[in-house]
Amino acid sequence: FPVTIAPGQYLILLPKTSQSAAKVIAEDVRKEISTTTIKTSTKEVLVTVSIGVVAFEKELSKSAKDFEQFERCLERVKKSLVKSQKKGNIIVSPT
């Protein structure tokens, strides 16, 4: 399930996927994107991506406690993404 969380930042939810499996998927996405170029009228631009991977190991319910845990998980996602961006903008960083 892809979701936009900020301009240029997207969240992909992978239900029932472990963190290690999500990291493999993220690395596959990163590799695929890194082979993409965009042609402009004057040059070709290589596309790069930074990916943060975080696992939320619980089924979500409608309880406030679960929502708070999910919110904390989103904060970990943002930190993981910043970590990736600081490392060079072409990396997958798990938390």
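The following refers to the structure shown. (Residues numbered from 1 in each chain as written. Predicted model: local features only at pLDDT ≥ 70, side-chain atom pairs only at ≥ 80, totals over all residues. Heavy atoms only, no water.)

1. Structural notes on the overall build of the protein chain
Along the protein chain, the regular secondary structure elements total 2 helices and 6 strands. Along the protein chain, helices (α) and strands (β) appear in the sequence β-β-α-β-β-β-α-β when read from the amino end. The 95 residues of the protein chain split such that 21% are buried. Look at the contacts in the protein chain between residues 6 or more apart in sequence, and 48% of them connect residues 24 or more apart. Of the roughly 7100 Å² of accessible surface on the protein chain, 59% is carried by carbon and sulfur atoms. (Helix = DSSP H or I, 4+ residues; strand = E, 2+ residues; numbered from the N terminus. Buried < 20%, exposed > 50% of the residue type's maximum accessible area, 1.4 Å probe, protein only. Contact = heavy atoms within 4.5 Å. Areas by Shrake-Rupley, 256 points an atom, 1.4 Å probe, with all protein chains shown as cover.)

2. Thoughts on the pattern of salt bridges
Counted according to the given criterion, the structure contains 2 salt bridges. The salt bridge involving Lys39 is made with Glu44; its shortest N-O contact spans 3.9 Å. (Salt bridge = Lys/Arg side-chain N within 4 Å of Asp/Glu carboxyl O.)

3. Quick notes on the nonpolar core
Counting residues in hydrophobic clusters, the biggest one holds 6 residues: Leu11, Val54, Phe70, Cys73, Leu74 and Val77. Ranked by residue count, the leading element in this core is helix α2 (residues 64-86), at 4 residues. Membership of the second largest hydrophobic core comes to 5 residues, among which are Ala22, Ala26, Ile51 and Val53. (Core = buried A, V, L, I, M, F, W, Y, C linked by side-chain atoms within 4.5 Å.)

4. A closer look at the side chain of Arg30
Assignment of secondary structure puts Arg30 in helix α1 (residues 19-34). Here Glu27 takes part through its side chain, which lies 2.6 Å from a polar atom of the side chain of Arg30. (Polar contact = N/O pair within 3.5 Å; in protein donor to acceptor, adjacent residues only side chain to side chain.)

5. A short note on a nonpolar patch on the surface
On the surface, a cluster of nonpolar side chains totalling about 300 Å² of accessible area is made up of Ile12, Leu14, Ile25 and Val29. Turning to its location among the elements, Ile12 is positioned in strand β2 (residues 9-12). When its relative accessible area of 53% is taken as the criterion, Ile12 is described as exposed. (Patch = residues over 30% accessible without salt bridge, like charges linked within 9 Å, V, L, I, M, F, W, Y side chains within 5 Å.)

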